[in-house]
Amino acid sequence: MTVIDRNTRSWVDEAEDDDEMPLSMRLSIADTLTLANATCGFLAVYFTTTGVLIPHLTGSGDVGVVRNNAATAVLLMLLASVFDLFDGLVARKLRSSPMGAELDNLSDLISFGLAPAYFVLVWGMVVGSVHEPLSALAAIVVLLAVVLRLARFSCVTLRDGIFQGMPSPFGALTVVSIVLLELPFVPTLLAILGVAWLMVSRVEYPKPRGTLAIAMLGWIVISMGMLTAWAFDAPGGELMLQTGCSLQVVLGAVIPLFATARRVNAFRGHRREARAAAQS
């Protein structure tokens, strides 16, 4: 009977400990979406390894199966970006735990740092051993760019509504799109390094809110459809994939130009106002 009482007391104590769990250890709905983001990033690495790298190293695997696995890895990165988009929206509408910001950075590092960098590394191994060292270097640059970008995001306070540097989800999808375009090695390598530079640059990007968030979600869904068509070798699937990847790369190049033009126009406007004030 004493043993039963002791066991009962221990269960009660554990229940009380759960009730008294500090707020910093309680997950919110937004945190759950963030963890789903990290899970997608990990699975993207898994499919890239088992479905692309291992068949290449062993000389086994059908071309169609490899293509399906590569598409699955990219689809998971796209799905991770959906979770990343919604966890911020949910956190603003409901609440976020004290761990929210840290969880978001760690999950983004997996899904938009490690996963695309690993994708670049495997691409270099598949296209030829001669290019493997340079592709490994490019993969490291992409990973470090995301690390630096996320660290700066945590430390620097900017005006509301903008990011400084290309957001890591957008950068990851642009890097993967460049690889999927299957351009010659040197242009592909330079384009990947260019995206890495944009992620650590001071170029301003708008935060996906309101209409822009809806447009981004729509673009992700369309991209998923294009990838699925390509994966299953649907009629026109190759053309749709090339079109979608090209548009992603163009957006990555055009948005900084618009941001730069806006800053230049704002600077000129301030100068005109200053001159008018001085003359009056």
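Residues numbered from 1 in each chain as written. Predicted model: local features only at pLDDT ≥ 70, side-chain atom pairs only at ≥ 80, totals over all residues. Heavy atoms only, no water.

Section: the layout of surface pockets
The line we're drawing: Here a cavity means grid points, on a 1 Å grid over the protein atoms only, where a 1.4 Å probe fits yet cannot get out; a pocket means an open set of points with protein on both sides within 12 Å along at least five of seven lines; lining residues are those with an atom within 4 Å of a point. Grid points are joined across faces, edges and corners, and a volume is the space filled by probe spheres set on the points. Note on conventions: DSSP H or I runs of at least 4 residues are helices, E runs of at least 2 residues are strands, and numbering of each starts at the N terminus.
Counted as a void, the second largest pocket has a volume near 520 Å³. Lining the second largest pocket are 19 residues, with Val52, Val66, Ala70, Val126 and Glu182 sitting closest to its centre. Among the secondary structure elements, those contributing two or more residues to the lining of the second largest pocket are α2 (29-58), α3 (63-93), α4 (100-127), α6 (168-180) and α9 (237-279). In terms of residue count, the dominant contributor to the lining of the second largest pocket is α4 (five residues).

What about the environment of Asp233?
The line we're drawing: For the exposure calls, accessible area comes from a 1.4 Å probe over protein chains only, and a residue counts as buried if that area is under 20% of its type's maximum, exposed if over 50%, partly exposed in between.
Relative to the helices and strands, Asp233 is located in the loop between α8 (211-231) and α9. Asp233 sits in the exposed class, given a relative accessible area of 54%. For Asp233 and Asn68, which are 165 residues apart along the polypeptide, the C-alpha to C-alpha distance reads 9.3 Å.

Section: the pattern of salt bridges
The condition is simple: One speaks of a salt bridge when a side-chain nitrogen belonging to Lys or Arg is within 4 Å of a carboxyl oxygen belonging to Asp or Glu.
With the rule as written, the count across this model stands at one salt bridge. With its nearest N and O atoms 3.7 Å apart, the salt bridge here joins Asp233 to Arg67. One end of the pair, Asp233, is in the loop between α8 and α9; the other, Arg67, is in helix α3, with 166 residues separating them in the sequence.

Let's talk about the confidence of the model for the chain
Worth spelling out the cut-off: The quantity known as pLDDT measures the predictor's confidence residue by residue, on a range of 0 to 100. Any two residues whose heavy atoms approach within 4.5 Å are treated as being in contact.
With 88% of its residues at a pLDDT of at least 70, the chain reaches an overall mean of 83. Across the chain, the element-wise mean pLDDT spans from 48 in helix α1 (residues 2-19) up to 94 in α6. This model gives residues 8-12 a pLDDT under 50, and the stretch forms zero contacts once residues within four places in sequence are excluded. Between residues 14-19, whose pLDDT stays under 50, and residues either more than four places distant or in other chains, the model counts one contact.

A short note on helix α5 (residues 132-155)
Heads up, the condition is: Here the expected length of a helix is defined as 1.5 Å per residue gap, with one fewer gap than residues.
The terminal C-alpha atoms of α5, which comprises 24 residues, lie 35 Å apart, in line with the 34 Å expected from a rise of 1.5 Å per residue. Ser135, Ala138, Ala139, Val142, Ala145, Val146, Arg149, Leu150 and Arg152 are the residues of α5 that are buried. Contacts made by the buried residues of α5 are with α4, β1 (162-164), α6 and α7 (185-200).

Considerations on the nonpolar core
As a reminder of what qualifies: The set of buried Ala, Val, Leu, Ile, Met, Phe, Trp, Tyr and Cys residues whose side-chain atoms join them within 4.5 Å is what this entry labels a nonpolar core.
Val120, Leu180, Ile192 and Leu227 are the most contacted members of the largest nonpolar core, which totals 55 residues. Every element with two or more residues in this core is listed here: α2, α3, α4, α5, α6, α7, α8 and α9. Contact partners of Val120, with chain neighbours within four places excluded, come to Ser135, Ala138, Ala139, Val175, Val179 and Ile192.

Examining a nonpolar patch on the surface
Stated formally: Patches here: salt-bridge-free residues with over 30% relative accessible area, like charges joined within 9 Å, nonpolar side chains (Val, Leu, Ile, Met, Phe, Trp, Tyr) joined within 5 Å. Each accessible area is a Shrake-Rupley estimate made with a 1.4 Å probe; only the visible protein chains count as cover when residues are assessed.
On the surface, Phe42, Leu43 and Tyr46 cluster together into a nonpolar patch covering about 310 Å² of accessible area. By the element assignment, Phe42 lies in helix α2. Accessibility expressed as a relative area gives 55% for Phe42, which makes it exposed.

Digging into the packing of α4 against α5
Counted only if it meets this: Orientation is described by lines fitted to C-alpha atoms, with helices fitted over the stretch in contact, and by angles between N-to-C directions that extend from 0 to 180 degrees. Relative orientations are named as follows: roughly parallel for angles under 35 degrees, roughly antiparallel for angles over 145 degrees, roughly perpendicular for angles from 65 to 115 degrees, and oblique for any other angle. By convention the crossing between two helices is left-handed if the near helix lies anticlockwise of the far one by an angle smaller than a right angle, and right-handed if it lies clockwise. Under the convention adopted here, Pro, Cys and the residues Ala, Val, Leu, Ile, Met, Phe, Trp and Tyr are nonpolar, Asp, Glu, Lys and Arg are charged, and Gly plus all remaining residues are polar.
Between α4 and α5, whose axes approach to 7 Å, the crossing angle comes to 170°. On the basis of their axis angle, the class for α4 and α5 is roughly antiparallel. In this structure, α4 crosses over α5, and the sense of that crossing is right-handed. Between α4 and α5, the contacting residues are Asn105, Asp108, Leu109, Phe112, Gly113, Leu114, Ala117, Val120, Leu121, Trp123, Gly124 and Met125 on the first element and Glu132, Ser135, Ala136, Ala138, Ala139, Val142, Leu143, Val146, Val147, Leu150, Phe153 and Ser154 on the second. Across the contact of α4 with α5, the residue classes tally to 17 nonpolar, five polar and two charged.

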